[in-house]
Amino acid sequence: MDEPPLLSRLSFESVLTRRYVVASYWLVVLFALPLWWSTTSIDRLSLPASRVHAQQRRNVIFPVHIHVNSTAISDVAPFIQEVQQRLKADTYTLQSSGIDARVSDRRLDSSAYDVVLSRGSRDPTVQDRRLFFDIYPEEDGLSWMTSVMRLTDTVTQLLAPYSTYSASTVRELRVMKYSPRYRLAFTLLNEDAASGNAAMSWNIKESISSETYFSILDRLSVLHNFTVESQVQFHAPLAFDPRTLRVNGTEEHGLTQEDLTVFINSAEWTLSSSVSNDPVIHFVLFVPSSSHSPLHILDYDGLRSRSNAFMLPQWGGIVLLDKSSSSHLTASDLDPAFTIFRYQLSTLLGLPDFRFACSRTKRASSQIGSSMRYCADAHWKTWRGVQKRWRASWAHAAASSSVAVALRHSSRALSLSSRAFFNPGMLALLYFPAEHKYAVYTPLFASIAAPLVAAVVREVLAWRRSRKQRRAEKIADARPVEPERRKVD
Amino acid sequence: MHLVYLVLILCFNLSRILALESREQFDEELTLRPLRDGKLGARFLFTTLLKGATPRRPEALLTMTIHYTLFPLALGQVLREYAVTELHLTLNAGNWNYGQWGYPDEPGVGTGAELWAWMGDGAPITIDERWQGLRNALAGLFCASLGSLDEQRTTSPSLTFQPEGSLPDWTTAHQLRHATLPSEHVCTENLTPFLKLLPCKSLSGIARLLNPHKLFDADWHGLGVHVRYREGAGVEVRLAFQAVFDPVRYSHDKRRDWSLHSVFDRSIDKACPVARSSKVRVGLPKDRYMISPDPSVIDDRFATYLVGAAGEALDVAMQWPEEPAFQYLLASGAEPLTDISVRRTLKGSSQSQAQMALVITNNLPVQVQASYLETMPWLLQFYLHTLRAYVDGVSRDDLVSIISYSPPVPHSRPTLLQAILTLPPNNTLQLTMDVTKTFLRYTEHPPDAQRGWDLPPAVIIPFSFGELLSQNHSMPAAAGPALETRPRRIYTPVMLVDLATPDFSMPYNVIIMSCTLIALIFGSVFNLLTRKFVVVLVDEPASKVSPIESATCG
């Protein structure tokens, strides 16, 4: 468009003023942006995540003292030295489990493990925190060396059972997730009590409080709190039909390995109450109905397996009762089942078979780790109170030197963080739909943004044109003759 | 410490072995009553008694072990966790027709959900916190929206809801919490967890008849869970299912003959092996009938069958051979079956004002006292000064005495009105009261706001028949058993109130409208500020065009 003649210019019209106006509008928009951002974003409180991760990377080392009781051998010092050296050299198994084993012939503290050496050729036996180990009676170098290696092996296996087994991952998968509280739900499950073969009641109180079972709960009381509930169910239909077998002319029934995976009929059986969120470890004593009795477990070849119990990883254990002799199961009737339950419990809790190992310390370290991960990995808004308390307990847990104290604090931190996680207020924060915001914003923002953007584009275009024109004028000024000549023409 | 524990265990075991068989007992009973309008009332009752048990003291620590054989574990855990002494939960669908069906076997027949509990005080956790936990736990257990029985619906009408069992003699007092949710519907998802609480599920015993397809087809159905403490006996759980079937509707020739198979589509084929007693009782009608098979025990009111005694499937059937088709009674000619009849209505077409009317008829020839309870959510607010009582059109305000009234607090607390009404013999008392309908906040409306709000039933308990016992009047047929037992609650039908509902798209309209206005104003101001004005000189003076004309340079 042509530049209007000088006469037509209005006094208030100026390119600069217009540009100031546009710029000031945009300035307001730019300054408003942070305010908008801070008022609409979700408030997340910070957790000391970096400290937690740093702590996690730190390897926890548990010093373990092994006291060698060597009355049977005269010169024990080189023997101990050799064992110590071999344990130190074994970087893979022991150090990956975070165990620093010290062997000495003097008792350093009361919590040391004892190795009682004697001469003979019996297999090593374990009793509580004592290992009875026989070294070969021969005095020659070869048997001495073999004894050293055997002892090293045994001690390593006892201290770090999981890392020495190739199936360690399978074992770890069975273990329940750590929780400060567990509920043990015992169920006497009759498939069909109306059909005859049934156990109407059981003396579970005595069985649970018996020395074998109760002692394990008592021993674990530092780590976990257990609540025990039990019930009897009289009708628990299976969701499938067990396979019928003919053995020596009599009819028997079998559960194939596939059947075991679908054995628990959760739709129809209520095996535990739902009064709290604590994880439940189920123990089921299943009494088959008379039409399915006797019931056995079959191995992969379809042959009857010797065992009548199986375990579901991270869920619990099931024992099939062969034949109920009477309608009331006494404590002695329940003894075999509860021996299995005890074994299943220790497996589900990740306790090694030998009490020799430092299971407590291992659990402690895993618990601290899981508590920290739990909190730090999820970037959610925590309650201010929880955040404060969690920080406090975490600080304690990280700082405390005693394992038991660290355990207590970290377990508290874990329960606090899970409380924060299950806070119903979290849901609204996590699932606030952005579409709602845009639905409200667009009618206003879109219609206001259009003239603003258009004004900027217009000014930029005008500025480019005027620059081009000025350049053209400059060129014209440099060669003033030509236009004159043209005019003349 | 350990030794003491072992000794304790030993002592306990000795006593347990002695009392093993009888520590928990389970009884089941099915009562069938042919009703006079051709329907069939059925009541399943499953009673489990935990002998020698006492409710948990609220201040006592939770024990770490809990062992049940017959007692429902899921319910027991809830009771223990929240230290509930007495608990009543009913979930009903439909209106109980007192006029035709008489008193129900289970008194709690209010439409929707009703929950009330007596709890001891003195725990570190307050009663209200435990009440909330109880609500949520039961909501989870029974898949019902009991969680919404919040403080906006919770009252403490201790006059009407007296404990049915006994309250333990603790140093701290017991308190009542009561809440109703009339809009709650009952369906299969509530029955399934209910059946799981039974020791024999629905697989044997009379629970075999609890067939959801038939039960939820009934004219009226409801389930109830009642826990009470019986001094000297123990803690008792009663699980009840009530239904009113219509055999006339099921039959093709309009007869009211029924059998277990025709009503439930099942028969009792197996006895529950753990039931101490398992009975089917059939109420005997006054007219001529046939019943098969032969009952085990028969008296003038009930025929009783013992389940499992015959050793074969039990299928009770009742026939009226002389009746070709069932004749419905005329409502006006029928003799009333209850002591009093109640009708409650909400009048008025305005969205802000209404009048509530209660019509109570005393069917007895004596003066009756009755307690009247309204637990109204704050949606409806009473003008108590407008409460008027009329008998035969004559104002009789002296017949109403207010026992307690706590006014509602909008958005937080319901109204509680308890009054004692004096009902003159064989007469009708009319109560009217003006009410105001509240204006709700936009977010307080339920998803189907146009449907309106269900208001909980009023509860009337006739209690003082003083003169009746001394005089020898002829009484209505069903009044007899009423006097034998405790005062019975009568629930009025629920009401529906239509509150002013906004146009729910309005906020969005407002947003769009104001955005458009702002955009318009902004646009024109912005345009004026950034527009380029030029003066156009017009050569022709004849032209009438204004000398200044705007032009944009874009």
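Residues numbered from 1 in each chain as written. Chains lettered and ligands numbered in written order. Predicted model: local features only at pLDDT ≥ 70, side-chain atom pairs only at ≥ 80, totals over all residues. Heavy atoms only, no water.

Moving on: the packing of helix α1 (residues 15-40) of chain A against helix α16 (residues 434-478) of chain A. All names here are of chain A. Interhelical geometry of α1 versus α16 gives an angle of 150 degrees and a closest axis separation of 11 Å. Relative to α16, α1 is oriented roughly antiparallel. Where α1 crosses over α16, the handedness of that crossing is left-handed. Two secondary-structure elements touch here, α1 through Arg-18, Arg-19, Val-22, Tyr-25, Trp-26, Val-29, Trp-36 and Thr-40 and α16 through Lys-437, Tyr-441, Leu-452, Val-453, Ala-455, Val-456, Glu-459, Ala-462 and Trp-463. Classifying every residue of the contact of α1 with α16 gives 12 nonpolar, one polar and four charged. (Axes fitted to C-alpha atoms, helices over the stretch in contact; angles between N-to-C directions. Helix = DSSP H or I, 4+ residues; strand = E, 2+ residues; numbered from the N terminus. Parallel < 35°, antiparallel > 145°, perpendicular 65-115°, else oblique. Left-handed = near helix turned anticlockwise from the far one by under 90°. Contact = heavy atoms within 4.5 Å. Nonpolar A, V, L, I, M, F, W, Y, C, P; charged D, E, K, R; others polar.)

Attention now goes to the confidence of the model for chain A. Residue and element names in this part refer to chain A. For chain A, mean pLDDT is 76; residues scoring 70 or higher make up 71% of the total. Contacts of residues 374-383 to residues separated by more than four positions or lying in other chains number 32 contacts, the stretch itself having pLDDT below 50. In the predicted structure, residues 484-489 sits below a pLDDT of 50 and forms zero contacts with residues beyond four places in sequence or in another chain. (pLDDT = per-residue confidence, 0-100.)

To continue, consider the domain arrangement of chain A. Split into domains, chain A comes out as domain 1 (59-166) and domain 2 (173-349). Between the C-alpha centres of domain 1 of chain A and domain 2 of chain A the distance comes to 38 Å. (Domains from an automatic or database assignment.)

Residues and elements named next belong to chain B. Scanning the entire structure with this criterion turns up one disulfide over all chains. Across a sulfur-sulfur distance of 1.8 Å, Cys-200 and Cys-272 are joined as a disulfide pair. On the sign convention where negative means left-handed, the S-S torsion of about 65 degrees between Cys-200 and Cys-272 marks this disulfide as right-handed. Here the residue Cys-200 occupies a position in the loop between α5 (188-196) and α6 (212-215), and Cys-272 occupies one in the loop between α8 (260-264) and β11 (277-283), the gap between them amounting to 72 residues. Here the two residues Cys-200 and Cys-272 agree in accessibility, since each one is buried. (Disulfide = S-S within 2.5 Å. Buried < 20%, exposed > 50% of the residue type's maximum accessible area, 1.4 Å probe, protein only.)

At the junction of the two partners, chain B supplies 51 residues and chain A supplies 54 residues. When chain B packs against chain A, the two sides together hide about 4,900 Å² of surface, and 67% of this comes from carbon and sulfur. Broken down residue by residue, the surface that chain B buries against chain A is led by Met64(B), His67(B) and Phe526(B), which jointly contribute 13%. Applying the counting rule to chain B against chain A returns one salt bridge. Linking Asp192(A) and Lys270(B) is a salt bridge whose minimum nitrogen-to-oxygen distance equals 3.4 Å. Those elements that place two or more of their residues in the side of chain B that touches chain A are α1 (2-18), β3 (65-67), α2 (73-81), α11 (506-530) and β29 (533-535) of chain B. Residues of the side of chain B that touches chain A, tallied by class, amount to 32 nonpolar, 10 polar and nine charged. Pairing geometry for strand β8 (residues 225-233) of chain A and β3(B), over three bridges, is parallel. Bridge pairing links Val228(A) to Thr65(B) in β3(B). (Buried area = accessible area lost by both parts, 1.4 Å probe. Salt bridge = Lys/Arg side-chain N within 4 Å of Asp/Glu carboxyl O. Pairing = 2+ DSSP bridges.)

To continue, consider a positive patch on the surface. A surface patch of like charges, here positive, comprises Arg464(A), Arg465(A), Arg467(A), Lys468(A), Arg470(A), Arg471(A) and Lys474(A). Owing to a relative accessible area of 62%, Lys468(A) belongs among the exposed residues under this scheme. (Patch = residues over 30% accessible without salt bridge, like charges linked within 9 Å, V, L, I, M, F, W, Y side chains within 5 Å. Areas by Shrake-Rupley, 256 points an atom, 1.4 Å probe, with all protein chains shown as cover. Lys, Arg positive; Asp, Glu negative; His and termini not counted. Charge placed at Lys NZ, Arg CZ, Asp CG, Glu CD.)

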